[in-house]
Structure formats: structure tokens, C-alpha cells
Amino acid sequence: MFASSRLTVRRRAVAVAGTAVALALTLAACGSSDDSSSMPGMDHGARPSVSSSRSASPSMGDMPGMDHLSDGNGLSDTRDGYRLTSKDTTLPSGKQAVYRFTVTGAGDKPVTGFALDQTKPMHFYAIRSDLTGFQHLHPTMAPDGTWTADLNALAPGSWRTFVSFTPDSGTGKGKDFVLSRTVTVPGNATKTPLPAPATTAEVDGYTVTVKGEPMAGMAHPLSVSVSKDGRPVTDLQPYLNTYAHLTAFREGTQEFAHLHPTTEVTGDHGGPDLAFHAELPTAGNWRLFLQFRTGGKLHTAALTLHVG
């Protein structure tokens, strides 16, 4: 996750270090229920999971085994003693697939205790290298710590699978982690160009409008409004303890960012305006996936946002 407090601390540390160096030079001179999305290729499933409770990163490895390239942006399979492992390096094309994985900690032992983050102990994402085919799932965990994610049909190409979690014990207790690995779906892969940056997106008759101009590496507010037939939507239902879930991936690298909602859930209906805390680490085009629920149905809207 990307916390503004860490960035502030780093900047202060750099400033202090710079002052010390300058002083030294002067003295010398002087002497990082199941739901399903309604858009093809952008699917979401949710299943009950075991958990403890808490209220609660850039070059891209396109080939299996190239998973240790970076840290802090979700692009590594290892961070601070925790590791994402999986025997699955390929998945079938055009049909439902099962992806199994384990998170290990100290002594390479499977971690089985996780705190809740937005009502779930584990969030799983699959995204194709061209940022299509987005899926967001809540997998199930076996007693031995093996997680199972039931994926909808995948198109041929290179995919990256992300896991987002918070251990509730051990050295990482209370800390948010995002780890990932790559997987290949065999077949004739056709790359889809990323749509141009836009402030609006359409899904299932709804119009989503995003306002805000995030700057790389800085915390900025981002607002989202939902309308239908030109009228504000006020019947958004709570979903993952919020009225909308927002995830972003960077073009070219697949860097991950979860944009945290700041609009408080006050009842069974919300909208039309939603606020998010946006901190995107690097400049470029980011693909945003907004998930919201109305009438018991989950909708997923996607748009491209440019970050300067």
C-alpha cells in the first residue's frame, strides 16, 4: 500500500541528510454472498473466508519466475519475510480456472492468520498485461494455508496475480502487503490498446465521473460521482464496507494501487458522490476499476487516468 506518512518521513530524512552533508562540506572548506461483475472479462467473486478480525510496486515480469523485480508496488512475490508461492505457472484459456497459492512467513511456513481488510482476510486480483480482463476475488483458505481462487475464463496472454492481505501475528502484524506473481495463458494473444485518458466511463447504463488531478508520489483527493439517465444515483449499496471499491494498475508495468475510500458508510443507500484517498507512486497512465453495487448486482466501470 502507499502511505503518505512514509513518503513524508523519507522526505524529512533526505532533507536532514542533505543539511548534514552541506554542513560537513562547509566545515571541510573552512577546515516503496458471491458477487459477479457485469462486464465481460472484469469479474468479481466473493466467498466466505476464515479470518481473525481487524477493522480495517517497476519493471514487469511477463514470464513465470520473473517475480523478484521490485518491492513496494505489488510487483514482487517477496516482501519483509513474506512470500507468495504457487505451483501454477500456466492456466487454461477460455474456461474457468482454479489458481492455488500460499503466503509463507518466518521459516517458510504457511501463514494462516489474517486480519480483515474491508471485511475480507484476502483480496485477490488478476490483470492481463494490457490491463484488460480484470478480476477481483475473495478466495477460500484451507486449514493448511492453501488459498483457492476460482477464476472466470481468461484470454491468452501474460497475466499477473496479486494478493492483498494483512497478517494478524508475526513480524508483519498489522502491516498491509501486496505481493504478485505472473502466469501464462497459452494461445494466440492479441494486445488491446489502452483507452485514452477520460473523466467518464459507462457501465450497465450508469455513468461514472472522476474528478481530481493526482500527482505521482503525492497524496491527493479523488472524487467519483455516479449517475444514471442524467440523474444522481443515491441507491448505492454497501460493498466491502464502503459504497465503492477502487483499484488502479499502471500502463506498461502493472504497478498496483488501492485507492482507499474516505466516504463513510452511513446506511443501506449511498451516493452519488464518493471520496477517495489517491496516492499513485509513479507518473503515467493508470487504469482505474471502480466496483459498486445496486439492486444486489455488482458493476465494474473502467477508465484511464493520467498521473503527472
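Look a little higher up for the structure.
Once a new chain begins, its residue numbering starts again from 1 and follows that chain's sequence as written. Restriction of local features to residues with pLDDT of at least 70 applies here, the model being predicted, together with a cutoff of 80 or more for giving and counting side-chain atom pairs; totals for whole chains, interfaces and linings are based on all residues. As a rule here, side-chain values cover all heavy atoms of the structure and leave hydrogens and water aside.

A. Expanded view of the pairing of strand β3 (residues 82-85). When accessible area is computed with a 1.4 Å probe and restricted to protein chains, residues below 20% of their type maximum are described as buried, those above 50% as exposed, and intermediate ones as partly exposed. The secondary structure listing takes helices from DSSP runs of H or I that are at least 4 residues long and strands from runs of E that are at least 2 residues long, numbered from the N terminus. Residues of β3 alternate between two faces, with Tyr82 and Leu84 buried on one and Arg83 and Thr85 left unburied on the opposite face. In short, DSSP must find at least two bridges between two strands for them to pair. Two elements, strand β2 (residues 78-79) and β3, share two bridges in a ladder whose sense is antiparallel. Each bridged residue has a counterpart across the sheet, and for Thr78 the counterpart in β3 is Arg83. Where β2 hands over to β3, the hairpin turn is made up of two residues, of which Asp80 adopts a positive phi near 50°.

B. Quick peek at the environment of Glu202. Position of Glu202 among the secondary structure elements: in strand β11 (residues 200-203). By relative accessible area, Glu202 is classed as exposed at 55%. When the C-alpha positions of Glu202 and Lys228 are compared, they lie 9.5 Å apart, and in sequence the two are 26 residues distant. In terms of polar contacts, Glu202 uses its side chain to reach the side chain of Thr207, at 2.9 Å. Polar contacts, as used here, are pairs of N or O atoms within 3.5 Å; protein pairs need one atom able to donate a hydrogen and one able to accept it. Residues neighboring in sequence count only if both atoms are side-chain atoms.

C. The arrangement of the nonpolar core in detail. Nonpolar core, defined: a set of buried Ala, Val, Leu, Ile, Met, Phe, Trp, Tyr and Cys residues in which side-chain atoms within 4.5 Å join the residues together. By size, the foremost hydrophobic cluster in this structure holds 28 residues, and its most contacted members are Leu222, Leu259, Phe276 and Phe292. Going through the elements one at a time, β11, β12 (206-211), β13 (220-228), β15 (245-250), β16 (256-261), β17 (273-278), β18 (284-294) and β19 (297-307) are the ones with two or more residues in this core. Contacts: residue pairs with any heavy atoms within 4.5 Å of one another. If near-sequence neighbours (up to four positions away) are discounted, Leu259 is found in contact with Leu222, Leu246, Ala248, Phe276, His277, Ala278 and Leu280. Core analysis: the second largest hydrophobic core is formed by 25 residues, Phe114, Phe124, Leu154 and Leu179 among them.

D. Geometry of the side chain of His138. Note on placement: His138 falls in strand β6 (residues 135-138). His138 sits in the buried class, given a relative accessible area of 2%. Within the structure, His138 has its side chain in polar contact with the side chain of His123 (distance 3.2 Å).

E. Highlighting the sheet that holds strand β8 (residues 146-151). Strand order across the open sheet formed by five strands is β2-β3-β4-β8-β7, with antiparallel pairing between neighbours. Two strands bound the open sheet, and with one partner strand each, they are β2 and β7 (140-141). Note that β7 and β8 share two bridges and pair antiparallel. Counterpart to Met141 in the pairing with β8 is Trp147.

F. Representation of unusual backbone geometry in the model. Cis geometry is adopted by the peptide bond preceding Pro272, which originates at Gly271 and carries an omega value of 5°. Its identity is not glycine, yet Asp80 carries a phi of approximately 50°, on the positive side. By secondary structure assignment, the location of Asp80 is in the loop between β2 and β3. Residue Asp80 is classed as partly exposed on the basis of its relative accessible area, which comes to 42%. A positive phi angle, near 50°, is found at Gln118, a position not held by glycine. If you trace the backbone, Gln118 turns up in the loop between β4 (97-104) and β5 (123-128).

G. Just the pairing of β17, in detail. In β17, alternate side chains face the same way, and those of Leu274, Phe276 and Ala278 are buried while those of Asp273, Ala275 and His277 on the opposite face are not. Pairing of β13 with β17 involves six bridges; the strand directions are antiparallel. Each bridged residue has a counterpart across the sheet, and for Leu222 the counterpart in β17 is Phe276. In this sheet, β17 lies alongside β16 in antiparallel orientation, the contact comprising two bridges. Bridge assignment links His260 to a residue of β17, and that residue is His277.

Keep in mind that these numbers describe shape and distance, not what the molecule does.
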